[in-house]
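Here is how the chains run, residue by residue.
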Amino acid sequence: MADINPSIEESWKSVLSTEFNKSYFLELKGFLLEEKKKFRVFPPGGLIFNAFNHTPFGKVQVVFIGQDPYHGYGQAHGLCFSVPNGIAKPPSLVNIFKELENDLGIKPPLHGNLEKWADQGVLLLNATLTVRENQAGSHQRRGWELFTDEAIRQLSAQKDGVIFVLWGNFAIAKKELIDLTRHPVLTAAHPSPLSASKGFFGCRHFSKINEILREQGKQEIDWRL
C-alpha cells in the first residue's frame, strides 16, 4: 500500500494530511497488505480514493454516504452506489434510478456509472473504502470509518451549505458528525429492496437537492447520465 497516500487528490490530501500518520491508518495499511496476499480486495488500489479524486474538497456541494463497496468482481470503483460501465446495476442502484424517474422524469440510464454526478460536486463516499471479494462488510472496523468520519467532520467545519444525503440507519447515524446549523441534511430509508418501500420511494431527494442549491444561488446538479 505504498501508493495509498499519494493517490488521493491534493486538496483532500491537505485537509486529511494528519490522518495518514496516525496509528490506526498505519495499521490499516498493514491489514490491507496482508488481505491482498490472501484474497481479492475491491476496488483496485488506484480506485480506493476515487470519490475524493472526482470531487475535490472545494467543489463538494452534496454528499451521499454509503456503507462499504460492492463486493462482486468488477463492481466497485470507489464511488458509493455506482458501478463501472458494462457492469449490471445492483438492486439498490436500480431503485435509486426508479426514484429519480418518479421525482424528475429522468429515464434510467443503460449503465450504472455515477461519475458524472461526482464530477459536478456530488461526493459519493462509502464509510469503508475497501472490501474482500464476496464478503460484505469484511473491512469494517479496521480504520476506514475513522478516516471517512474525519472527511465528513472537515466538510462540516470548513464549508457551509453542503447537502448531506443520508439513506438508511447507518448513514443517518453520521448526523452527529455534521453541524446541522450550517448544513442541510436529507434522510430516508435505504434504497435496498429490503427497505426502499419503507420511505425511500417518494423521498424526492433529487429535486429537493436542486431546490436547495437554487436557494443557495448555486448550480443545480444535472442528474441525467
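Anything mentioned here points back to the structure above.
Report on the accompanying structure. Being a predicted model, the structure only gives us computed values, none of them experimental.

1. Side note on the pairing of strand β3 (residues 122-126)
The element β3 is largely enclosed, with a buried count of 5 among its 5 residues. The side-chain alternation of β3 yields two buried faces, one formed by Val122, Leu124 and Asn126 and the other by Leu123 and Leu125. With 5 bridges joining them, strand β2 (residues 62-66) and β3 adopt parallel strand pairing. Bridge pairing in β3 places Gly66 opposite Asn126.

2. A look at the side chain of Gln75
One can find Gln75 in the loop between β2 and α4 (91-104). One polar contact links the side chain of Gln75 to the main-chain amide nitrogen of Gly72, over a distance of 2.8 Å. Beyond its immediate chain neighbours, meaning those up to four positions away, Gln75 contacts Tyr70, Ser82, Val83, Pro84, Ile87 and Pro90.

3. Quick word on the packing of helix α2 (residues 23-38) against helix α6 (residues 144-158)
For the pair α2 and α6, the least separation of the axes is 9 Å and the interaxial angle reads 130 degrees. Here α2 is positioned oblique relative to α6, judged by the angle of their axes. Counted together, Tyr24, Phe25, Leu28 and Leu32 of α2 and Trp144, Leu146 and Phe147 of α6 form the full contact between these two elements. Taken together, the residues that form the contact of α2 with α6 break down as 7 nonpolar, no polar and no charged.

4. Digging into the packing of α4 against helix α8 (residues 205-215)
Running from amino to carboxyl end, α4 crosses α8 at an angle of 60 degrees, the nearest separation of the two axes being 8 Å. When the axis of α4 is compared with that of α8, the two are oblique. Listed contacts from α8 to Ile96, Glu99, Leu100, Asp103 and Leu104 of α4 are His205, Phe206 and Ser207. Residues belonging to the contact of α4 with α8 are distributed by class as follows: 4 nonpolar, 2 polar and 2 charged.

5. Focus on the pattern of salt bridges
Per the counting criterion, the structure on display carries 13 salt bridges. Note that Glu133 is salt-bridged to Arg40, the shortest N-O span being 3.4 Å. Remark: Arg40 occurs in the loop between α2 and β1 (41-42) and Glu133 occurs in the loop between β4 (131-132) and α6; sequence separation between them is 93 residues. Of the charged contacts, one joins Asp149 and Lys174 as a salt bridge, the two residues approaching to 2.7 Å between their closest N and O atoms. Highlighted residues: Asp149 in helix α6 and Lys174 in the loop between α7 (169-172) and β6 (185-188), separated in sequence by 25 residues. Since its relative accessible area comes to 14%, Asp149 is described here as buried.

6. Regarding the nonpolar core
The nonpolar side chains of a soluble globular protein tend to be buried with one another. Counting residues in each nonpolar core, the largest one holds 64 residues, and the members touching the most others are Trp12, Phe52, Phe64, Phe147, Ile209 and Trp223. If we ignore the near neighbours within four places in the chain, the residues touching Ile209 are Val62, Phe64, Ile163, Val165, Leu186, Ile221 and Trp223.

7. Overview of unusual backbone geometry
Residues apart from glycine generally show negative phi values, whereas peptide bonds are mostly found in trans. Between Phe42 and Pro43 the backbone carries a cis peptide bond, its omega angle lying at -5 degrees. Inspection of the secondary structure puts Pro43 in the loop between β1 and α3 (50-54). Positive phi values are uncommon outside glycine, yet Phe81 reaches one of about 70 degrees. Its identity as a non-glycine residue notwithstanding, Arg141 has a phi of 60 degrees, on the positive side. Tracing the backbone shows Arg141 in the loop between β4 and α6.

What counts as what
- Residues numbered from 1 in each chain as written.
- Predicted model: local features only at pLDDT ≥ 70, side-chain atom pairs only at ≥ 80, totals over all residues.
- Heavy atoms only, no water.
- Buried < 20%, exposed > 50% of the residue type's maximum accessible area, 1.4 Å probe, protein only.
- Helix = DSSP H or I, 4+ residues; strand = E, 2+ residues; numbered from the N terminus.
- Pairing = 2+ DSSP bridges.
- Polar contact = N/O pair within 3.5 Å; in protein donor to acceptor, adjacent residues only side chain to side chain.
- Contact = heavy atoms within 4.5 Å.
- Axes fitted to C-alpha atoms, helices over the stretch in contact; angles between N-to-C directions.
- Parallel < 35°, antiparallel > 145°, perpendicular 65-115°, else oblique.
- Nonpolar A, V, L, I, M, F, W, Y, C, P; charged D, E, K, R; others polar.
- Salt bridge = Lys/Arg side-chain N within 4 Å of Asp/Glu carboxyl O.
- Core = buried A, V, L, I, M, F, W, Y, C linked by side-chain atoms within 4.5 Å.

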